[in-house]
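Chain by chain, the residues run as shown.
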Number of protein chains: 2
Amino acid sequence: MEKLKKYVSVKDEDHFYHQGAVELLIFNFLLILTILTIWLFKNHRFRFLHETGGAMLYGLLMGLIIRYVTKSPDVESGTIYECEKLKSGPSTLLINITNQVYEYQYKREISHHNVNGHQGNAMLQKMTFDPSIFFNILLPPIIFHAGYSLKKRHFFRNLGSILTYAFFGTAISCIVIGLIMYGFVKAMVHIGQLKQWEFHFTDCLFFGSLMSATDPVTVLAIFHELNVDTDLYTLLFGESVLNDAVAIVLTHSISIYSPKENPNAFDAAAFFQSVGNFLGIFAGSFAMGSSYAVVTALISFMHLTKFTKLCEFPMLETGLFFLLSWSAFLSAEATGLTGIVAVLFCGVTQAHYTYNNLSADSKMRTKQLFEFMNFLAENVIFCYMGLALFTFQNHIFNPLFIFGALVAVFVARASNIYPLSFLLNLGRKQKIPRNFQHMMMFSGLRGAIAFALAIRDTDSQPKQMMFTTALLIVFFTVWVFGGGTTPMLTWLQIRVGVDPDEDLKATAVSQSASNLDKNTTKAESAWLFRIWYGFDHKYLKPLLTHTGPPLTSTLPEWCNPVARLLTSPSAYGDQLKEGDTDYIINNDELTENYEPSAHIPVPGSIQATGKEDIQEGDLGLGGYKLQLQHVACQPQKNSLA
Amino acid sequence: MEKLKKYVSVKDEDHFYHQGAVELLIFNFLLILTILTIWLFKNHRFRFLHETGGAMLYGLLMGLIIRYVTKSPDVESGTIYECEKLKSGPSTLLINITNQVYEYQYKREISHHNVNGHQGNAMLQKMTFDPSIFFNILLPPIIFHAGYSLKKRHFFRNLGSILTYAFFGTAISCIVIGLIMYGFVKAMVHIGQLKQWEFHFTDCLFFGSLMSATDPVTVLAIFHELNVDTDLYTLLFGESVLNDAVAIVLTHSISIYSPKENPNAFDAAAFFQSVGNFLGIFAGSFAMGSSYAVVTALISFMHLTKFTKLCEFPMLETGLFFLLSWSAFLSAEATGLTGIVAVLFCGVTQAHYTYNNLSADSKMRTKQLFEFMNFLAENVIFCYMGLALFTFQNHIFNPLFIFGALVAVFVARASNIYPLSFLLNLGRKQKIPRNFQHMMMFSGLRGAIAFALAIRDTDSQPKQMMFTTALLIVFFTVWVFGGGTTPMLTWLQIRVGVDPDEDLKATAVSQSASNLDKNTTKAESAWLFRIWYGFDHKYLKPLLTHTGPPLTSTLPEWCNPVARLLTSPSAYGDQLKEGDTDYIINNDELTENYEPSAHIPVPGSIQATGKEDIQEGDLGLGGYKLQLQHVACQPQKNSLA
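Fair warning: this is a prediction, and the values are worked out from it, not measured in the lab. (Residues numbered from 1 in each chain as written. Chains lettered and ligands numbered in written order. Predicted model: local features only at pLDDT ≥ 70, side-chain atom pairs only at ≥ 80, totals over all residues. Heavy atoms only, no water.)

Some details on the overall build of chain A
Here comes step 1: Each helix and strand in chain A was counted, giving 26 helices and three strands.
Here comes step 2: Relative to its full complement of 641 residues, chain A shows a buried share of 62%.
Here comes step 3: Of the contacts formed within chain A by residues at least 6 apart in sequence, a portion of 81% connects residues at least 24 apart. (Helix = DSSP H or I, 4+ residues; strand = E, 2+ residues; numbered from the N terminus. Buried < 20%, exposed > 50% of the residue type's maximum accessible area, 1.4 Å probe, protein only. Contact = heavy atoms within 4.5 Å.)

Structure representation (structure tokens):
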């Protein structure tokens with residue numbers, strides 16, 4: 001027999017339109033409170049609580065209030081309606097009740113043991129929003145902003161190390177956490193806390209992969225404020241950005257790893273399928289993201305004779321930039337790739353090519369827009385994390401599992417950083433010092449990505465236990481390690497208050513003084529990236545931006561007709577035209593790095609190229625005034641072949 | 001008996017996460033196409049199609065493709081499930097199907113005759129998004145931006161006329177459309193196209209109120225581009241902004257007007273209840289919106305001795321500004337008021353007070369942020385309108401009704417503009433000329449608000465007919481009238497290419513030359529707004545901003561202790577401090593308008609105050625350099641008592 005029971009009292013039309021307003025208002029209120037608190041803290045130079053930590057704290061308090069102060073609006077609820085006639089859940093149900101047809105939309109599948117969670121407080125239920133909101137709305141701007149604001153020069157200088165930490169490090173971290181958790185799970189089964197069949201090794205690996213996404217936003221904010229050593233900053237920032245991408249794809253690959261027989265046994269075919277999946281999705285997302293950015297660069301670069309440039313309409317330009325970047329995310333999602341990874345590489349490529357073509361107005365608009373979206377989205381996520389501790393209704397707190405996870409997370413971080421640093425130091429001429437390694441170890445905070453990955457699936461009991469544990473680890477790491485950053489920096493005697501200008505000048509001077517030292521900073525990027533940089537500088541940059549030598553000079557002579565067609569008219573002659581002084585600096589930068597003969601440190605040059613490190617989100621292009629000065633200093637370099 | 005049938009095939013988890021990506025991608029694609037087209041048009045100075053018209057056109061084409069090219073994914077669908085046990089629709093249904101519990105969420109109530117709409121193409125259904133998205137997400141930024149970018153000085157100079165058009169004009173328009181449509185409906189009943197009981201007089205009035213919201217975005221864009229006479233621009237812009245607010249509240253009041261007996265008879269009690277409702281909601285929303293703005297002004301103004309000002313952290317400041325403005329909307333919605341109205345007046349108040357306290361960086365950030373949001377939201381809405389013609393599944397095209405509506409809309413516009421202009425001209429010293437009246441008549445385009453109000457309720461057949469008709473009228477007016485703006489301006493011999501600088505200078509010179517002329521421009525605002533301006537200048541501005549004389553000089557002497565406490569320290573002495581030069585100009589502006597003795601036109605002053613008209617969204621504060629120059633010109637004015 002079938003039975004239907006009403007859950008909440010009748011909804012009138014008014015209620016329909018105002019729904020969500022109260023919940024959003026609560027979020028707004030929490031964010032306002034966070035901002036005001038941070039303002040207070042900034043006044044007192046109090047660095048033990050970052051805005052994200054504050055947002056989390058307020059979320060926690062609000063969750064507590066909602067949970068224990070508001071009452072459940074009705075008692076009669078949560079009755080399950082039985083229907084044997086259907087084989088699966090339809091996406092839309094039309095139900096005729098007393099001659100009125102109501103439309104119902106499929107929300108999700110829930111386990112039997114979770115049904116009681118739906119009997120409780122309607123307010124709690126409303127505050128728990130759809131996990132897909134995290135992935136589709138809140139994360140993309142954060143990730144794009146990370147890619148877009150990457151400090152290019154320092155990033156490329158340390159690219160080898162960053163890639164090593166991001167790929168191998170994350171894989172190591174995932175496996176180590178998985179193994180340790182499997183040990184704890186075995187122990188829990190042994191003492192009867194868990195049934196054997198509930199928790200497979202793949203579940204442990206899944207937990208390992210989601211806990212491998214680090215998010216040292218708190219630490220980086222403090223680094224930025226205190227002007228900590230730029231190399232350390234870049235290593236940490238680069239690692240955390242790329243490692244998110246790796247962890248997301250890894251989690252996806254593990255979740256679709258399905259050995260045919262015993263889920264605990266190793267199935268080689270399924271394993272290689274997962275590895276292939278990982279590589280395919282990663283490469284596909286990378287290609288998708290960068291191709292959208294290339295399209296943006298081409299459009300913004302178009303300069304046909306009849307046309308005024310797009311950059312004369314900053315609003316259209318900004319709109320196009322925003323929409324194409326978002327399309328990279330959506331296209332990747334629509335084709336089954338990973339949108340977050342696509343949007344990350346889209347951001348990096350946009351910063352590398354498109355940014356050069358934008359008008360000064362659009363440069364600032366896009367920068368500020370994404371900065372603002374990043375700020376809001378980050379605080380919303382951390383606020384929601386605080387709320388989730390009390391409003392999420394299916395928490396499973398298992399002390400042993402939580403303890404195990406804490407141990408696993410730190411052991412995994414250690415087995416990521418120390419061995420890889422040791423190996424990298426074998427190859428690096430400029431070693432990663434011990435105190436940097438300790439600081440990187442210490443900065444393994446968990447944040448938005450780990451949370452978003454964990455909340456994506458909370459249907460089964462193992463997944464709920466993982467979610468609860470992940471949440472607690474985020475709290476712990478953000479508050480304890482985030483708060484301890486400043487003392488840790490002092491204790492490890494890491495240079496703070498480094499003037500990036502001075503830093504670069506010093507490096508440059510020592511570079512020019514001794515040939516040995518010059519090779520030092522280049523050592524890493526030299527072997528592989530020299531080839532890439534040459535290609536980029538000679539062909540891609542001239543094709544996609546106004547930068548670089550005209551294609552006519554770089555391509556073989558028989559290509560001249562094509563080359564002439566593809567080269568921007570501005571690349572030939574008028575180098576000192578206002579719009580181009582921006583780009584010349586990039587040439588110099590490259591020349592400085594890859595043409596030893598041209599490497600003579602001139603104060604103006606150093607100041608100009610060093611400027612990129614001064615401001616967050618400066619995108620490494622330097623201030624305008626400085627560039628002009630710079631051009632004036634070295635006119636001989638700008639003469640194009 | 002009860003019966004359940006599945007509607008769409010099983011959804012896998014992947015599908016769950018990627019849902020929406022394709023639909024959003026389609027929108028992105030349409031918007032990108034629109035931007036590229038507009039770029040093309042701007043190059044050719046082609047003014048017959050505004051970006052919103054272009055967005056609508058592309059939406060239309062895409063709707064056509066989706067409708068006739070994509071196939072319905074399944075045939076077996078839309079079966080209604082019967083249930084006599086329930087008395088009303090619960091908000092959440094838990095259904096057990098083959099031992100799996102599925103959660104369903106209440107979406108809406110649908111009429112029996114609409115059920116076939118749910119049997120069709122799933123793609124069409126997906127492209128039809130929730131009407132509450134318009135009201136809660138797309139409209140607020142548009143309306144806020146309108147309020148925030150109001151050209152204050154010209155607006156206040158014409159406030160009386162604008163209020164008359166907005167309040168009385170909208171009421172007249174609503175009643176005239178209602179009456180004409182009632183006539184057409186009677187005729188349709190007579191020839192048997194409509195059943196009597198379906199269409200009441202209140203429905204006709206409802207249609208009248210929603211069709212009274214004008215949206216001349218196309219016209220205003222052209223005005224701005226061609227530098228049309230500033231007074232005409234201000235009248236039209238001011239009217240359209242306020243008239244949206246009036247129409248929204250009016251529509252709400254009419255929809256809840258429910259006479260007890262015969263719905264066609266006049267029920268005085270219900271009528272006065274509706275009028276009371278209108279006034280109450282309007283006043284409440286106004287109060288809600290402005291109080292949030294006042295709070296923002298107070299926070300950004302706070303300048304305690306121990307505290308650095310908030311404006312030293314532009315990101316926090318922008319965040320706070322954004323969140324508090326949005327909270328105004330949400331609070332109004334949550335308390336049953338009208339969020340759109342609240343957010344409009346919040347915008348106006350923010351521009352009037354808070355804007356003065358913001359740092360230069362935040363001024364630009366907030367301006368650009370809302371400009372961008374406005375640009376995107378507007379194009380999304382117009383794009384969606386185009387789509388809706390083919391994707392909305394319950395259109396009722398009734399040629400007679402559509403024809404009637406077209407006639408009614410123009411008759412109503414005429415009976416709004418001409419009689420009111422005549423009456424206003426009786427009071428105004430500076431008459432509204434005939435050609436301005438014709439242009440205002442011509443600019444009665446319908447747009448986003450009319451559409452959003454119509455799509456809010458499409459359950460019954462009359463409402464569906466109204467929706468279809470409203471949509472077609474939007475198409476017609478945007479394309480025909482929007483496209484005809486430039487020829488019409490020529491034909492009516494309205495001044496274009498007016499340099500706002502020159503315009504103001506000329507006015508100022510003529511003002512000073514003859515006393516009669518000086519009174520001319522002030523005539524209107526003099527009687528009521530002089531009082532308000534005096535109050536604002538003496539008490540509110542000093543309290544909420546750094547502007548104006550210190551309260552100690554404006555309040556009676558016995559208030560001195562309180563006044564001293566409330567006055568910003570900067571209001572006393574250091575007028576030439578960098579941060580304050582911004583505000584001094586406002587004093588002068590006021591002085592110029594309301595203290596005849598101080599009224600001596602100085603070139604510097606004119607240039608500075610005139611600057612506000614040059615750029616859209618400039619918010620009437622003038623360029624910085626000019627202000628400094630201005631201060632230097634008239635030091636005697638800035639000496640505070």
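Things to note about the environment of A:L423
Residue and element names in this part refer to chain A.
Here comes step 1: Mapped onto the secondary structure, L423 falls in helix 15 (residues 399–427).
Here comes step 2: For L423, a relative accessible area of 52% corresponds to the exposed category.
Here comes step 3: C-alpha separation for the pair L423 and S161, spaced 262 residues apart in sequence, amounts to 9.8 Å.

Remarks on the environment of B:D231
Residue and element names in this part refer to chain B.
Here comes step 1: Along the chain, the position of D231 falls in helix 10 (residues 230–255).
Here comes step 2: Accessibility expressed as a relative area gives 12% for D231, which makes it buried.
Here comes step 3: Placed 82 residues apart in sequence, D231 and S149 show a C-alpha to C-alpha distance of 16 Å.
Here comes step 4: Residues contacting D231, with those up to four places away along its chain left out, are H154, R157, N158 and Q430.

What to know about the side chain of A:T366
Residue and element names in this part refer to chain A.
Here comes step 1: Within the secondary structure, T366 sits in helix 14 (residues 360–391).
Here comes step 2: Using a relative accessible area of 1% as the deciding quantity, one classes T366 as buried.
Here comes step 3: A distance of 3.2 Å separates the side chain of T366 from the side chain of Y148, its partner in a polar contact.
Here comes step 4: Discounting chain neighbours no more than four positions away, the residues touching T366 are Y148, T318, F321 and L358. (Polar contact = N/O pair within 3.5 Å; in protein donor to acceptor, adjacent residues only side chain to side chain.)

Considerations on the pattern of salt bridges
Here comes step 1: All chains considered together, the criterion is met by eight salt bridges over all chains.
Here comes step 2: For the salt bridge of A:D457 with A:K463, the shortest nitrogen-to-oxygen distance reads 3.3 Å.
Here comes step 3: On the basis of relative accessible area, A:K463 is assigned to the buried category, the value being 14%.
Here comes step 4: Each of A:D361, A:R365 and B:E371 takes part in one network of salt bridges that share partners. (Salt bridge = Lys/Arg side-chain N within 4 Å of Asp/Glu carboxyl O.)

What about the packing of helix 10 (residues 230–255) of chain A against helix 16 (residues 434–442) of chain A?
Residue and element names in this part refer to chain A.
Here comes step 1: Viewed as axis vectors pointing N to C, helix 10 and helix 16 meet at an angle of 35°, and their least axial separation amounts to 11 Å. Between helix 10 and helix 16 the crossing geometry is right-handed. Residue-level contacts link L232, L235, L236 and E239 of helix 10 to F436, M439 and M440 of helix 16. (Axes fitted to C-alpha atoms, helices over the stretch in contact; angles between N-to-C directions. Left-handed = near helix turned anticlockwise from the far one by under 90°.)

Comments concerning the packing of helix 3 (residues 51–68) of chain B against helix 14 (residues 360–391) of chain B
All names here are of chain B.
Here comes step 1: Where helix 3 meets helix 14, the closest approach of the two axes is 6 Å, and the angle between their N-to-C directions is 35°. Judged by the twist between their axes, the crossing of helix 3 over helix 14 is right-handed. Residues E51, T52, A55, M56, G59, L60, M62, G63, L64, I66, R67 and Y68 of helix 3 form the contact with helix 14, whose own contacting residues are F375, E378, N379, F382, C383, M385, G386, L387, L389, F390 and T391.

Concerning the environment of B:F282
Residue and element names in this part refer to chain B.
Here comes step 1: One can find F282 in helix 11 (residues 268–301).
Here comes step 2: In this structure F282 comes out as buried when scored by relative accessible area, which is 10%.
Here comes step 3: The spacing of F282 and T338 is 56 residues in sequence and 7.6 Å in space, taken between C-alpha atoms.
Here comes step 4: Once residues within four sequence positions are removed from consideration, F282 is found in contact with F167, A245, V246, V249, V341 and F345.

Examining the confidence of the model for chain A
Residue and element names in this part refer to chain A.
Here comes step 1: With 65% of its residues at a pLDDT of 70 or more, chain A shows a mean pLDDT of 73.
Here comes step 2: Here helix 26 (residues 624–633) is the element of chain A with the lowest mean pLDDT, 34, and helix 15 is the one with the highest, 91.
Here comes step 3: Every residue in residues 508–525 scores below 50 in pLDDT, and together they form 28 contacts with partners more than four places removed in sequence or on other chains.
Here comes step 4: Two summary scores accompany this predicted model of the complex, namely pTM at 0.78 and ipTM at 0.77. (pLDDT = per-residue confidence, 0-100.)

So, helix 16 of chain A
For the α-helix, the turn length of 3.6 residues means that residues three or four positions removed from each other point alike.
Residues and elements named next belong to chain A.
Here comes step 1: When you tally the buried positions in helix 16, you get seven out of nine residues, the bulk of the element.
Here comes step 2: Among all positions in helix 16, only N435, F436, Q437, M439, M440, M441 and F442 are buried.
Here comes step 3: Residues of helix 16 that are buried make contact with helix 7 (159–190), helix 9 (217–226), helix 10, helix 15, helix 18 (461–483) and helix 19 (485–491).

Things to note about helix 10 of chain B
Residues and elements named next belong to chain B.
Here comes step 1: Here helix 10 contains 26 residues, and its C-alpha end-to-end distance of 37 Å stays within 8% of the 38 Å for a straight helix at 1.5 Å per residue.
Here comes step 2: Most of helix 10 sits inside the fold, with 24 of its 26 residues counted as buried.
Here comes step 3: Near the N-terminus of helix 10, the side chain that reaches the backbone nitrogen of D231, with its oxygen 2.9 Å away, is that of D229. (Expected span 1.5 Å × (residues − 1).)

What about the packing of aromatic side chains?
Residue and element names in this part refer to chain B.
Here comes step 1: Under the definition given, this model contains 58 aromatic pairs over all chains.
Here comes step 2: Seen from their ring centres, F410 and F481 are 5.2 Å apart, and the 20° between their planes marks the pair as stacked. You can see F410 sitting in helix 15 (residues 399–427) and its partner F481 sitting in helix 18 (residues 461–483), a full 71 residues away along the chain.
Here comes step 3: Taken together, a centroid distance of 5.0 Å and an interplanar angle of 50° make the contact between F442 and F481 tilted. Residue F442 is found in helix 16 (residues 434–442), and its partner F481 is found in helix 18; the two are separated by 39 residues along the sequence.
Here comes step 4: Given the relative accessible area of 13%, F442 is considered buried.
Here comes step 5: Looking at F481, the relative accessible area reads 14%, which means it is buried. (Phe/Tyr/Trp six-rings, centres within 6.5 Å; stacked < 30°, edge-to-face > 60°.)

So, unusual backbone geometry
Here comes step 1: One non-glycine residue, A:Q493, lies in positive phi territory at about 55°.
Here comes step 2: Secondary-structure assignment places A:Q493 in the loop between helix 19 and helix 20 (500–513).

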